[in-house]
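Single-letter residue listing:
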Amino acid sequence: MTHQTIAPLDGVRVLELGNYIAAPTAGRLLADFGAEVIKVERPGTGDELRNWRLHKGNTSMLYRTLNRNKKSVVLDLRTEAGKQAVLELVAKCDILLENFRPGTLEKWGLGPEVLNEANPDLIVTRISAFGQTGPLSERPGFAAVAEAYGGFRNLVGDPDRAPVRVGVSIGDSIAGLYAAFGSMMSLYQREARRRDSAGAVPLTERIIDVALNEAMFSMMESLIPDYQAYGVDRQRVGGRMEGIAPSNAYVCKDGASIVVAGNGDSIYQRYMQTIGRPDLAEDPSLQTNAGRWAKREELDQAIGEWAATLSGADALAALEAAGVPAGPIYTAADISTDTQYAARNMIQKFDVSTGEEVLPGVGFPGIVPVIGDQSLPIRNLGPDLGENTQEILGGLLNMDAAQIDAASGREEALRP
C-alpha cells in the first residue's frame with residue numbers, strides 16, 4: 001500500500017460550515033485522512049481566515065494550511081436557495097461541523113432538528129466559546145477568552161508579570177482536535193449500531209458539543225483536584241513547570257537557548273555530573289523531585305553558569321552523551337532545515353500563487369499522526385474561494401446554472 005492510497009476515512013463526507021480556526025481544524029484532520037470535506041464559504045469574502053496574516057494576494061498561508069485537502073463551495077445562507085442547498089448537501093454527508101455562536105444555525109432555520117429531518121444519521125459537531133447550554137452559552141468569545149476561562153492563561157508567563165498568551169491559537173486548535181475525535185467517536189457508534197442491527201442513534205447522541213473553555217480546562221491536569229484537596233493554587237513559574245526541577249531553558253555562550261529536562265531522579269544524577277557539580281548530585285536534600293523544586297533557584301543558577309561557558313551545540317552534545325533530555329529552541333528557520341522533520345516528510349513543498357506571482361517550493365506542515373513511516377502527502381492546499389462550487393452543486397446535487405447562481409449568491413450579485 002502506498003502513501004497515496006492510505007486513506008482510512010475514504011467514503012466519509014463532511015460538510016464544514018465553520019470559519020476561523022476551531023471547526024476548520026477539525027475539518028482539516030478529517031480531510032487529511034481521506035474524508036471528503038466540503039467547506040461552505042460566504043460569497044465575496046469567504047472565511048475571514050483568508051485575510052489573517054495576509055502578506056500578499058488574497059488568500060493567507062494560514063488559510064492554505066488549515067483548509068488543505070478540502071473543497072470550497074460558495075453558498076449564501078441568507079437566501080432560501082442557499083439554505084436549501086445546505087440541506088441537500090446534508091442529506092449526502094455523514095458529519096456537519098460548525099463553530100458559530102449558539103443559536104445561529106437555529107436562526108437560519110438550520111438547527112439540529114431541521115438537519116435531522118434532512119438526514120436522520122447526520123452527526124452534528126458544534127464548537128462554541130462556552131458550549132450550547134449553561135448561563136454563558138450565548139456569550140461570544142474567541143480562544144483568547146476561552147484560554148483565560150479554562151485556567152490556562154493564568155499559568156503562562158512569569159510570576160511578577162501579567163499572564164501572557166502563547167504564540168498560536170492553542171484554544172481553537174485543541175477544540176478542533178476534540179471536535180474531530182468526537183465526530184469519529186459518534187461515527188463509530190453509528191456504524192457499530194448498524195452492524196449490530198441495534199437501530200438508529202438518537203439525535204441527542206449525535207450532537208457533539210465542544211466548548212473552547214472546556215477544551216482548555218481539560219488540559220489543566222490536576223489543577224482543580226490539587227486545589228480542592230490541598231488548597232494548592234498553582235501560579236505562573238515562567239519557563240519552569242510547577243513542582244518539577246530542574247527543567248528550564250538556558251542561554252549558552254553563543255546566545256543560543258536550549259531546553260533541558262533533567263528532573264527524573266536517575267537523570268538528575270547524570271545531569272549534575274555533566275555540568276561538573278557532583279556535590280549537587282550527592283546532596284541528600286536533592287534526591288527527590290520535591291527537594292529539587294524547593295531549591296530550584298540554586299539548581300538553575302548552577303546550570304545557567306555551566307551553559308554560559310559553552311556554545312549551544314557543545315552543551316547539547318554533552319547532555320546527549322550523558323542521556324539527559326535536551327534540545328534547541330527552534331525557530332521557523334531551524335525547523336525548515338531540520339533533518340528529522342525532513343526524514344518523516346513533515347515539511348511538504350508546494351508552488352503557491354498569490355494571485356500576483358507564483359512562490360515556488362513553499363513548505364507546509366505535514367500530516368500528523370504518521371501512518372506508514374512518513375507523513376501522508378497533502379493532496380492540495382486550502383482552495384481558492386468557491387473553487388469547487390460547480391463540482392459540488394452541479395455534480396453532487398445536479399443543479400443547473402440558474403440554481404447554482406441562486407444558491408451561491410451570484411444571482412443577487414448580477415442584479416442591476
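Residues numbered from 1 in each chain as written. Predicted model: local features only at pLDDT ≥ 70, side-chain atom pairs only at ≥ 80, totals over all residues. Heavy atoms only, no water.

**Looking at the packing of helix α10 (residues 265-274) against helix α13 (residues 296-307)**
Between α10 and α13, the shortest axis-to-axis distance is 10 Å and the interhelical angle comes to 45 degrees. In this view, α10 runs oblique relative to α13, as classed from their interaxial angle. Side by side, α10 and α13 meet where Tyr-268, Tyr-271, Met-272 and Thr-274 of the first sit next to Leu-299, Ile-303 and Trp-306 of the second. Split by residue class, the contact of α10 with α13 holds six nonpolar, one polar and no charged. (Axes fitted to C-alpha atoms, helices over the stretch in contact; angles between N-to-C directions. Helix = DSSP H or I, 4+ residues; strand = E, 2+ residues; numbered from the N terminus. Parallel < 35°, antiparallel > 145°, perpendicular 65-115°, else oblique. Contact = heavy atoms within 4.5 Å. Nonpolar A, V, L, I, M, F, W, Y, C, P; charged D, E, K, R; others polar.)

**Structural notes on the sheet that holds strand β6 (residues 207-211)**
Here we have six strands laid out as an open sheet, ordered β3-β2-β1-β4-β5-β6, and parallel in their pairing. For this open sheet the edge positions go to β3 (70-74) and β6, each flanked by a neighbour on one side alone. The mean angle between the axes of side-by-side strands here comes to 20 degrees, regardless of whether they run parallel or antiparallel. Of the strand pairs in this sheet, strand β1 (residues 13-16) and strand β4 (residues 95-98) are connected by three bridges, and their pairing is parallel. Residue pairing across strands places Leu-15 opposite Leu-96, the latter belonging to β4. Together, β4, β5 (123-128) and β6 form the strand contacts of helix α7 (residues 170-195), whose direction differs from that of β5 by roughly 165 degrees. Along the sheet, helix α17 (residues 389-396) makes contact with β1, β2 (36-41) and β3, crossing β3 at roughly 80 degrees. (Pairing = 2+ DSSP bridges.)

**Thoughts on the pairing of strand β7 (residues 247-251)**
The pairing of β7 with strand β8 (residues 257-261) spans five bridges and is antiparallel. The residue of β8 that forms the bridge with Ala-249 is Val-259.

**Side note on the side chain of Ser-247**
Within the fold, Ser-247 resides in strand β7. Not counting chain neighbours up to four residues away, the residues in contact with Ser-247 comprise Gly-239, Arg-240, Met-241, Val-260, Ala-261 and Asn-263.

**Here's the deal with the packing of α17 against helix α18 (residues 401-408)**
It is at 10 Å that the axes of α17 and α18 come closest, and there the two elements cross at 125 degrees. Here α18 runs oblique to α17, going by the angle between their axes. Handedness of the α17/α18 crossing: right-handed. Residues Thr-389, Gln-390, Leu-393 and Gly-394 of α17 lie in contact with α18, whose contacting residues are Ile-404, Ala-407 and Ser-408. Of the residues contributing to the contact of α17 with α18, the split by class is three nonpolar, four polar and no charged. (Left-handed = near helix turned anticlockwise from the far one by under 90°.)

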